[in-house]
Amino acid sequence: MASSSIVGVIFSLVLALKYVALQAEARAFFVFGDSLVDSGNNNYLATTARADSPPYGIDYPSHRPTGRFSNGLNIPDLISKRIGSESVLPYLSPELRGQRLLNGANFASAGIGILNDTGVQFINIIRMYRQLEYFQEYQRRARALVGVDQTERLVKGALVLITVGGNDFVNNYYLIPYSARSRQFSVPNYVKYLISEYEKILMKLYKLGARRVLVTGTGPMGCVPAELAMRSTNGGCSAELQRAASLFNPQLVQMLKGLNKKIGNTVFIAANTQQSHLDFISNPQAYGFTTAKTACCGQGPYNGLGLCTAASNLCPNRDLYAFWDAFHPSEKANRLIVEQIYSGTTKYMDPMNLSTIMTLDARA
Ligand SMILES: *[C@@H]1O[C@H](CO)[C@@H](O)[C@H](O)[C@H]1NC(C)=O
Ligand SMILES: *[C@@H]1O[C@H](CO)[C@@H](O)[C@H](O)[C@H]1NC(C)=O
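Residues numbered from 1 in each chain as written. Chains lettered and ligands numbered in written order. Predicted model: local features only at pLDDT ≥ 70, side-chain atom pairs only at ≥ 80, totals over all residues. Heavy atoms only, no water.

As annotated in an unreviewed UniProt entry, the protein chain is GDSL-motif lipase/hydrolase family protein from Populus trichocarpa.

Here is the structure:
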């Protein structure tokens with residue numbers, strides 16, 4: 001009698017301690033995708049797709065370039081801030097070891113797409129299948145550190161962000177001179193093909209343990225300064241690329257719904273970044289921007305031609321520009337996008353926003 005109640009007390013104590021440990025463990029964060037979310041992996045690679053020289057990083061806390069394609073913080077940094085954790089390190093960073101490994105990792109690499117043949121001109125970048133291999137390698141390293149069970153809990157409890165697809169258009173199908181893909185597929189068939197390949201990537205991510213995955217669509221690709229400079233005749237967005245985005249994004253949402261249904265759980269959450277972005281493109285002043293057409297850093301029409309370098313035009317106040325360079329939002333725009341991800345309505349987040357996700361226990 002006495003001994004069984006002691007066992008009972010010890011048992012509840014162990015449960016209580018486990019609960020406390022779980023509460024104390026911050027949620028890990030894993031990031032996959034392209035330059036919109038790369039936090040510096042490409043700095044470790046022999047590639048031309050990099051943001052490692054000034055004025056990139058001019059508004060970052062260190063005021064130095066870090067490999068982020070932003071004047072300051074990028075979307076993953078701002079998500080980390082919003083959920084009260086530190087920014088996650090690029091997977092290739094030598095500092096990603098020991099306890100820091102348990103915060104998660106960023107596997108994203110500028111220039112990549114859903115397809116292996118996207119961004120071939122950038123040579124040595126971490127394509128999607130390779131990012132997933134690195135995720136497996138990460139889990140082996142975490143197991144060596146904290147064991148099998150805690151690693152599984154960490155991965156299943158983690159928040160995951162994936163941002164990919166834009167380059168499959170701008171750095172593949174619509175690459176001038178015309179790519180092999182544009183001879184192989186009509187735009188609607190290319191979109192179908194991309195969605196089916198993306199689905200395989202997401203299922204792989206699920207099989208590797210991801211349980212809460214924010215999936216962003218492409219932005220309004222036809223409205224970025226680079227496209228305005230190259231394709232626009234009257235200052236309007238490129239109709240071709242806008243058409244591609246308007247085919248891709250809704251099919252992505254449908255595909256995610258289908259996956260959740262198949263799995264029987266809300267694993268994949270669609271972030272309608274096209275909508276958030278369109279909001280400030282259609283009414284920049286309402287969001288405190290003086291322009292959503294001209295990039296802060298660049299040259300040529302809309303500062304949309306070539307790269308942002310130390311020799312480019314540079315605006316004095318980055319917060320007044322929706323676009324930092326020819327393709328990437330400013331930190332200020334990233335903040336607005338992350339606010340929608342965190343607390344937006346179902347118009348922006350389908351079926352729930354990040355603040356709701358954070359109240360759920362994904363470890364179940
Ligand atoms: C991409 O390349 C990798 C490595 O060569 C290969 O395993 C994978 O199947 C390829 N993916 C597609 C969609 O072709
Ligand atoms: C999103 O977030 C806000 C604030 O955190 C919350 O009140 C709202 O109910 C959430 N969901 C939707 C669908 O708007």
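Asker: Report on the sheet that holds strand 1 (residues 29–33), specifying residues and quantitative values.
Answerer: Read from one edge of the open sheet, six strands run 2-1-3-4-5-8, paired in mixed fashion. Two strands close off the open sheet at either side, each with one partner strand: strand 2 (104–106) and strand 8 (349–350). Two elements, strand 5 (residues 268–271) and strand 8, share two bridges in a ladder whose sense is antiparallel. Residue pairing in the sheet places Ala271 in a bridge with Met349 of strand 8. (Pairing = 2+ DSSP bridges. Helix = DSSP H or I, 4+ residues; strand = E, 2+ residues; numbered from the N terminus.)

Asker: Run through the site of ligand 1, naming residues and quoting values.
Answerer: Around ligand 1 sit Asn116, Tyr129 and Glu197, and those are all the residues in its vicinity. Asn116 places a polar side-chain atom, nitrogen or oxygen, 2.3 Å from an oxygen atom of ligand 1. About the coverage of ligand 1: the protein hides 38% of its 360 Å² of free accessible area. (Near = heavy atom within 4 Å. Polar contact = N/O pair within 3.5 Å; in protein donor to acceptor, adjacent residues only side chain to side chain. Areas by Shrake-Rupley, 256 points an atom, 1.4 Å probe, with all protein chains shown as cover.)

Asker: I'd like to hear about the side chain of Thr163, residue by residue, with values.
Answerer: One can find Thr163 in strand 3 (residues 159–163). On the basis of relative accessible area, Thr163 is assigned to the buried category, the value being 6%. Within the structure, Thr163 has its side chain in polar contact with the side chain of Thr216 (distance 2.9 Å). (Buried < 20%, exposed > 50% of the residue type's maximum accessible area, 1.4 Å probe, protein only.)

Asker: Outline the nonpolar core, listing residues and values.
Answerer: Of all hydrophobic cores here, the largest spans 71 residues; its most connected members are Phe30, Phe32, Ile162, Phe169, Tyr198, Leu202 and Leu205. With 10 residues, helix 7 (residues 187–207) is the single largest residue contributor to this core. Those residues in contact with Leu202 that lie beyond four places of it in its chain are Ile162, Val215, Met255, Leu256, Leu259 and Phe268. Core analysis: the next-biggest nonpolar cluster, separate from the first, contains 37 residues, Phe29, Val88, Ile281 and Met352 among them. (Core = buried A, V, L, I, M, F, W, Y, C linked by side-chain atoms within 4.5 Å. Contact = heavy atoms within 4.5 Å.)

Asker: How would you summarise the state of the cysteines if you had to cite specific residues and measurements?
Answerer: If you walk through the whole model with that rule in mind, you get three disulfides. Each sulfur in the disulfide pair Cys297 and Cys308 lies 2.1 Å from the other. Between Cys297 and Cys308, the S-S torsion sits near 90°, and that sign places the bridge as right-handed. Of the two residues, Cys297 sits in strand 6 (residues 297–298) while Cys308 sits in the loop between strand 6 and strand 7 (313–314), which places them 11 residues apart along the sequence. Looking at Cys297, the relative accessible area reads 1%, which means it is buried. When its relative accessible area of 6% is taken as the criterion, Cys308 is described as buried. For the protein chain, the bonded cysteines pair up as 1-2, 3-6, 4-5 when numbered in the order they occur along the sequence. (Disulfide = S-S within 2.5 Å.)

Asker: Go over the site of ligand 2 with me, naming the residues and quoting the values.
Answerer: Inspection of the region around ligand 2 gives Ser343, Gly344, Thr345, Thr346, Asn353 and Ser355 as its neighbouring residues. Contact between ligand 2 and Ser343: an oxygen atom at 3.4 Å from a main-chain N or O atom of the residue. Between ligand 2 and Ser355, the relevant distance is 2.9 Å, taken from an oxygen atom to a side-chain nitrogen or oxygen of the residue. Protein chains shield 49% of the accessible area of ligand 2, which is 350 Å² for the free molecule. Classifying every residue of the shell around ligand 2 by side-chain character gives no nonpolar, six polar and no charged. (Nonpolar A, V, L, I, M, F, W, Y, C, P; charged D, E, K, R; others polar.)

Asker: Please set out the packing of aromatic side chains residue by residue, giving values where relevant.
Answerer: Under the counting rule described, the total for this entry stands at 19 aromatic pairs. The interplanar angle of 80° and the centroid separation of 5.3 Å between the aromatic rings of Phe32 and Phe135 together place this pair among those described as edge-to-face. Of the two residues, Phe32 sits in strand 1 while Phe135 sits in helix 3 (residues 128–146), which places them 103 residues apart along the sequence. A residue is classified by how much of its surface remains accessible, and Phe32, at 0% relative accessible area, is buried. For Phe135, a relative accessible area of 0% translates into the label buried. When the centroid spacing of 5.8 Å and the interplanar angle of 70° are considered together, the rings of Phe280 and Tyr287 count as edge-to-face. On the basis of relative accessible area, Phe280 is assigned to the buried category, the value being 1%. Taken together, the ring pairs in this structure connect Phe30, Phe32, Tyr91, Phe107, Tyr134, Phe135 and Tyr138 into an aromatic cluster. (Phe/Tyr/Trp six-rings, centres within 6.5 Å; stacked < 30°, edge-to-face > 60°.)

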